[in-house]
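This is what each chain is made of:
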Amino acid sequence: MSVAGAQQAVTQGALDAIFHDPGNADQRFPVPVLQCLQIKPLNAAPTPGAPAAQERYRVVLSDIRNYVQCMLATQANHVIHDDQLIRGCIVRVKSYQANAVKGKNILIILDLEVATELGAHDRIGEPAPFEAKQAAADTSIGGSGFYGTKTESSAPVKSEPMSSRMGPGGGGGGGGGGSSKAHGNIVIYPIESISPYAHKWTIKARVTSKSDIKTWHKASGEGKLFSVNLLDESGEIKATGFNEQCDAFYDILQEGQVYYISTCKVNLAKKQFSNLPNDYELAFERETIIEKAEDQASVPQVRFNFVNISDLQSVEKDSTVDIVGVLKDVGEVSQITAKTTGKPYDKRELTLVDDSQFSVRLTIWGKTATAFSSQPESVVAFKGVKVSDFGGRSLSLLASGTMAVDPDIEEAHRLKGWYDSQGRTDNFNSHNSMASMGAATGRPDQTKCISQVKDENLGMENTDYFSLKATIVYIKQENFAYPACSSEGCNKKVIDQGDGTWRCEKCNVNHGRPQYRYIMSVNVNDHTGQLWLSCFDDVGRIVMGMSADELMEIKDNDEDRVAGIFEAANCSKLSFRCRAKMDMYGENQRVRYQVMGANQLDYKSEAAKLADLIKQFGISS
């Protein structure tokens, strides 16, 4: 179709009505027709080994008069996967949610279709941005609403006990938020739309797991916290309550129940403490409002991101995954004693198989192990199991993990059908044969020079392992070691109590003195460039030629010698085995190169390698 025809089809003025006259927007523009000016993926680099995060896209839509930034909900991603949504095309927006955040209008697109018959054109007209009005902060849903359902009425909420509706602020903050629910409708936001740039939202979510209350004691004070995982149709997010919020909400939030939750702080997710595929997490605040929902059936029970057993070899050690398999064998309950605390722990080992023709051993602990009564050939789904490299690959159910026997899900039915038809008589591979290969990759590490590490973007998308021969040119002398717990098997940092003792929170003991461990930043060079490497204690001992305890003692008694010791460690050439992995530094992402092991160069073997390279080039003396 011609540009004129497309221009006539676009509903000019629709965006202004959506944001500035939401009460009449549905009547004036029941299905807005807009032009797509830009498409951009939003996802950050994935965390290696973790379940893949859902794809997110930002689009810019225009009604010829104005344009607006939009976020495409994941259920609408199919228009991109099918190559229908392209720059310049015309779209019909069938369901949306309008937000005004910090003076900017944002439209969440829940459902749309591409009007292919109208063609794709260069930008039509000269659309301009417009400032969000303050009144637009009270959002509304257009079209058929979120996921095609009407907005939630506040009537069921009003019947809930007041104690479950108020935050720890009582009448202040939390009370004001509660009173706003007494009129109008509650707009339910999908979890996937929550970000630091959206506010005045309410989610309706199920508590899928709830931690015990954890406490800490430091020289500066003490505190406590607990966390929950929240789930709705669009995704999952972790929420944590500290101190006052821990007291206020711990008894209210019950595992398996559904709640309305609003007024929380949105932070970047600390991936080392969460196994959920979400870039953000919530922190309960004084003004937070939590209300139990009477309608408990409209929110899913649990969301899995399953990994095939055969794919575990490519999952990084210590990652957390979900797994489903047929129970091939059930071991007896046994007991082990923790080296650090001396406490006994019950454990039971299970063997799972799936249609990838692989088996894996999975350990369950404590009451879960003693109460386990499922029979072999049951299908069991586990959420939140830790991956170990013991025996190639093995799994362990975390304390925050959950287990479902013969769940009513598609993957379980498929595995049951496969096992009954052929799996019962199949032979299964294990990961033991891969145990001696390169860490987490199933292949030996490759030798790289520094320019190759950078040019090949190692660590940008996946966790990569490589070997590097380089010369140390500089070692940072600030904070080169930390005081660690001296208990066997515990390397946690200890805190100076000011009374001559050092406390380890993990072991819950005080030590007379710490054991110092290296944590060093080393700059290395080769003929192609320079690279900063992170080194821990074992590598630090090789680099410095002494333990961190010895070096700290020298620093305390004769600090002038320390600079000379660091200088002597420079200009030594080593062979480093490294891991490249994307990491968070504040709010920024960058690749971290961690040394997994280091050795002095074996010049005889290095010379032999060079001789082989010369032969490959066909050069003879």
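It should be emphasised that the depicted structure is a prediction, and the values quoted were computed from it without experimental measurement.

K.L.:
Any chance you could explain the nonpolar core here in plain terms?
P.N.:
In summary, soluble globular proteins display a tendency toward joint burial of nonpolar side chains. Of all hydrophobic cores here, the largest spans 45 residues; its most connected members are Ile475, Met520, Val524, Met544 and Phe576. Excluding its chain neighbours within four sequence positions, the residues that come into contact with Met544 are Ile475, Tyr518, Met520, Leu551, Ile565, Phe566 and Ala569. Grouped together as the second largest cluster of nonpolar side chains are 28 residues, Phe19, Phe29, Leu72 and Val114 included.

K.L.:
Please explain empty space enclosed by the protein as it appears in this structure.
P.N.:
Using a probe with the size of a water molecule, rolled over the atoms, empty space left in the structure can be pinpointed. Under the defined criterion, the tally for this structure stands at 4 cavities of 30 Å³ or more. Considering only enclosed or pocket space, the largest cavity measures out at about 70 Å³ in volume. Along the walls of the largest cavity sit Thr208, Ser209, Asn229, Asn275, Lys383, Gly384, Ser400, Gly401 and Thr402, which together make up its complete lining. If you list the elements that add at least two residues to the lining of the largest cavity, you get strand 9 (202-210), strand 19 (379-388) and strand 20 (394-405). By residue number, the principal contributor to the lining of the largest cavity is strand 20, which donates 3 residues.

K.L.:
Before we go on, may I ask you to explain the packing of helix 12 (residues 548-557) against helix 13 (residues 560-569) in this structure?
P.N.:
Packed helices, taken two at a time, are described by the angle between their axes plus the distance between the axes. At a minimum axis separation of 6 Å, helix 12 and helix 13 run at an interaxial angle of 140°. Of the possible angle classes, the one that applies to helix 12 and helix 13 is oblique. On the side of helix 12, the interface is formed by Leu551, Ile554 and Lys555, while helix 13 contributes Arg561, Val562, Ile565 and Phe566. Considering only residue class, the contact of helix 12 with helix 13 consists of 5 nonpolar, no polar and 2 charged.

K.L.:
Help me understand the environment of Thr528 in this model?
P.N.:
Relative to the assigned elements, Thr528 resides in the loop between strand 28 (520-526) and strand 29 (529-535). Sequence separation between Thr528 and Ile450 is 78 residues; the distance between their C-alpha atoms is 6.0 Å. In this structure the side chain of Thr528 is engaged in a polar contact, spanning 3.0 Å, whose partner is the backbone nitrogen of Ser451. Within the structure, the side chain of Thr528 is placed 2.7 Å from the side chain of Asp526, a separation counted as a polar contact.

K.L.:
Sorry if this is basic, but what is going on with the sheet that holds strand 24 (residues 495-496) here?
P.N.:
In a beta sheet, neighbouring strands pair by backbone hydrogen bonds and run either parallel or antiparallel. Read across the sheet, 3 strands follow the order 24-25-26 without closing on themselves; strand pairing throughout is antiparallel. With partners counted over all chains shown, the strands left at the sheet margins are strand 24 and strand 26 (509-511), one partner each. By the bridge criterion, 2 bridges tie strand 24 to strand 25 (residues 502-504) in an arrangement that is antiparallel. Bridging across to strand 25, Ile495 finds its partner in Arg503.

K.L.:
Just checking my understanding: could you explain a negative patch on the surface for this structure?
P.N.:
Where like charges cluster on the molecular surface, the negative patch consists of Glu550, Glu553, Asp556, Asp558, Glu559 and Asp560. Among the elements that line the negative patch, the one with the most residues is helix 12, at 3 residues. The topology assignment puts Asp556 in helix 12. Given the relative accessible area of 61%, Asp556 is considered exposed.

Rules behind the numbers
- Residues numbered from 1 in each chain as written.
- Predicted model: local features only at pLDDT ≥ 70, side-chain atom pairs only at ≥ 80, totals over all residues.
- Heavy atoms only, no water.
- Core = buried A, V, L, I, M, F, W, Y, C linked by side-chain atoms within 4.5 Å.
- Buried < 20%, exposed > 50% of the residue type's maximum accessible area, 1.4 Å probe, protein only.
- Contact = heavy atoms within 4.5 Å.
- 1 Å grid on protein atoms, 1.4 Å probe; cavity = no way out; pocket = protein on both sides within 12 Å on 5 of 7 lines; lining within 4 Å.
- Points joined across faces, edges and corners; volume = space filled by probe spheres on them.
- Helix = DSSP H or I, 4+ residues; strand = E, 2+ residues; numbered from the N terminus.
- Axes fitted to C-alpha atoms, helices over the stretch in contact; angles between N-to-C directions.
- Parallel < 35°, antiparallel > 145°, perpendicular 65-115°, else oblique.
- Nonpolar A, V, L, I, M, F, W, Y, C, P; charged D, E, K, R; others polar.
- Polar contact = N/O pair within 3.5 Å; in protein donor to acceptor, adjacent residues only side chain to side chain.
- Pairing = 2+ DSSP bridges.
- Patch = residues over 30% accessible without salt bridge, like charges linked within 9 Å, V, L, I, M, F, W, Y side chains within 5 Å.
- Areas by Shrake-Rupley, 256 points an atom, 1.4 Å probe, with all protein chains shown as cover.
- Salt bridge = Lys/Arg side-chain N within 4 Å of Asp/Glu carboxyl O.
- Lys, Arg positive; Asp, Glu negative; His and termini not counted.
- Charge placed at Lys NZ, Arg CZ, Asp CG, Glu CD.

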